[in-house]
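What the coordinates show
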Amino acid sequence: NGLYSGKYYAFAVDSAGNVSCASEEAFYVDVCVKEVADLCELRAASPVYMYVVTGEVLVSYEEGNMKFVQDNDCGIKIVDQYNGLPSVYGVGQGLTMLKGMIHDNGVEMVFTPVCCYSPTKTTSGNTIVPKMLSYDAFKHDCYEGGAWESMLVRVVDPMIAFDDYSSANPLWAYDMLDLAT
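The following paragraphs examine the structure supplied in this document. (Residues numbered from 1 in each chain as written. Predicted model: local features only at pLDDT ≥ 70, side-chain atom pairs only at ≥ 80, totals over all residues. Heavy atoms only, no water.)

**Some remarks on the overall build of the protein chain**
Tallying secondary structure elements over the protein chain gives two helices and 13 strands in all. In the protein chain, which comprises 181 residues, the proportion classed as buried is 31%. Sequence-distant contacts in the protein chain: of pairs separated by 6 or more residues, those separated by 24 or more amount to 53%. (Helix = DSSP H or I, 4+ residues; strand = E, 2+ residues; numbered from the N terminus. Buried < 20%, exposed > 50% of the residue type's maximum accessible area, 1.4 Å probe, protein only. Contact = heavy atoms within 4.5 Å.)

**Focus: the side chain of Ser150**
Relative to the helices and strands, Ser150 is located in the loop between α2 (135-144) and β13 (153-155). In this structure Ser150 comes out as buried when scored by relative accessible area, which is 14%. Within the local environment of Ser150, its side chain forms a polar contact with the backbone nitrogen of Lys77, the two atoms lying 3.4 Å apart. Ignoring sequence-local partners within four residues, the contact set of Ser150 consists of Phe68, Val69, Gln70, Gly75, Ile76 and Lys77. (Polar contact = N/O pair within 3.5 Å; in protein donor to acceptor, adjacent residues only side chain to side chain.)

**Comments concerning the packing of aromatic side chains**
Applying the stated criterion to the full structure yields three aromatic pairs. The ring of Tyr49 carries the charged tip of Lys34 above its face, separated from the ring centre by 4.0 Å. (Phe/Tyr/Trp six-rings, centres within 6.5 Å; stacked < 30°, edge-to-face > 60°. Lys NZ or Arg CZ within 6 Å of the ring centre and 35° of its normal.)

**A short note on the state of the cysteines**
Under the criterion given, the structure shown has one disulfide. Across the disulfide from Cys40 sits Cys74; the S-S distance is 2.0 Å. Across the disulfide from Cys40 to Cys74, rotation about the S-S bond amounts to roughly 95 degrees, and the bridge is consequently right-handed. Note that Cys40 is positioned in helix α1 (residues 39-43) and Cys74 in the loop between β6 (66-70) and β7 (75-79), a separation of 34 residues in sequence. (Disulfide = S-S within 2.5 Å.)

**A word on the nonpolar core**
Counting 22 residues, the largest nonpolar core has Leu39, Leu42, Val69, Ile76 and Leu98 as its most contacted members. Broken down by secondary-structure element, the contributors of at least two residues to this core are α1, β4 (50-53), β5 (57-63), β7, β9 (98-104) and β10 (109-113). In this structure, Ile76 is in contact with Leu39, Leu42, Arg43, Lys67, Phe68, Val69, Ile102, Met109, Val110, Phe111 and Ser150, ignoring residues within four places of it in sequence. (Core = buried A, V, L, I, M, F, W, Y, C linked by side-chain atoms within 4.5 Å.)

**Description of the side chain of Lys77**
Mapped onto the elements of the fold, Lys77 is located in strand β7. With a relative accessible area of 15%, Lys77 lands in the buried category. At 3.1 Å, the side chain of Lys77 and the side chain of Glu108 are in polar contact. Setting aside its immediate chain neighbours within four residues, Lys77 contacts Met66, Lys67, Phe68, Glu108, Met109, Val110, Phe111 and Ser150.

**Looking at the environment of Val114**
Relative to the helices and strands, Val114 is located in the loop between β10 and β11 (120-121). Expressed as a C-alpha distance, the spacing of Val114 and Gly100, which sit 14 residues apart in the sequence, is 4.9 Å. When residues no more than four places from it in sequence are discounted, the contact partners of Val114 are Met50, Gly84, Lys99 and Gly100.

**Comments concerning the sheet that holds strand β8 (residues 94-96)**
If you walk across this open sheet you meet the nine strands as β3-β4-β9-β10-β7-β6-β5-β8-β11, and the pairing is mixed. Because the sheet does not close on itself, it has two edges, and the strands there are β3 (33-36) and β11. For β5 and β8, the ladder comprises two bridges, and the chain directions are antiparallel. Looking at β8, one finds that Leu58 is bridged to Gly94. (Pairing = 2+ DSSP bridges.)

Printed below as a string of structure tokens:
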């Protein structure tokens with residue numbers, strides 16, 4: 001898939017296949033930066049590049065170094081492990097020029113911003129409108145299809161939910177309902 005941006009350590013391999021110890025000093029590789037218009041284009045992209053999201057995204061949730069942003073059709077979880085986004089923006093803050101790398105760990109896609117820059121603040125006070133889904137559509141789209149990940153979704157069907165991890169109530173309202181996640 002190519003060379004990833006990040007921190008590397010050098011070592012040598014001789015013609016017999018002997019490998020030296022890794023260097024004590026790290027070096028950084030900064031690969032191509034590609035622009036994408038929105039989060040759907042970002043989510044469909046290869047993880048080997050650094051990306052700049054040029055379209056506006058809205059902050060839908062913040063807690064510690066984790067943020068969720070979304071646009072009209074896609075969302076993504078941001079894990080700011082390098083403190084690349086130095087601000088608390090607030091729910092509804094619009095941002096453009098979000099810059100970083102993506103990683104899909106098989107469970108969710110995560111965006112890691114690059115260090116020491118700030119995206120452009122655009123509109124503020126935006127309302128995050130949830131995607132309205134029936135439970136069947138939610139089960140099909142989210143659990144089985146991976147759609148609407150990291151987005152605010154409202155299930156419009158009435159349902160009974162309880163803590164399915166409680167030993168006091170070992171019955172399940174629905175096997176796919178997992179209140180701990």
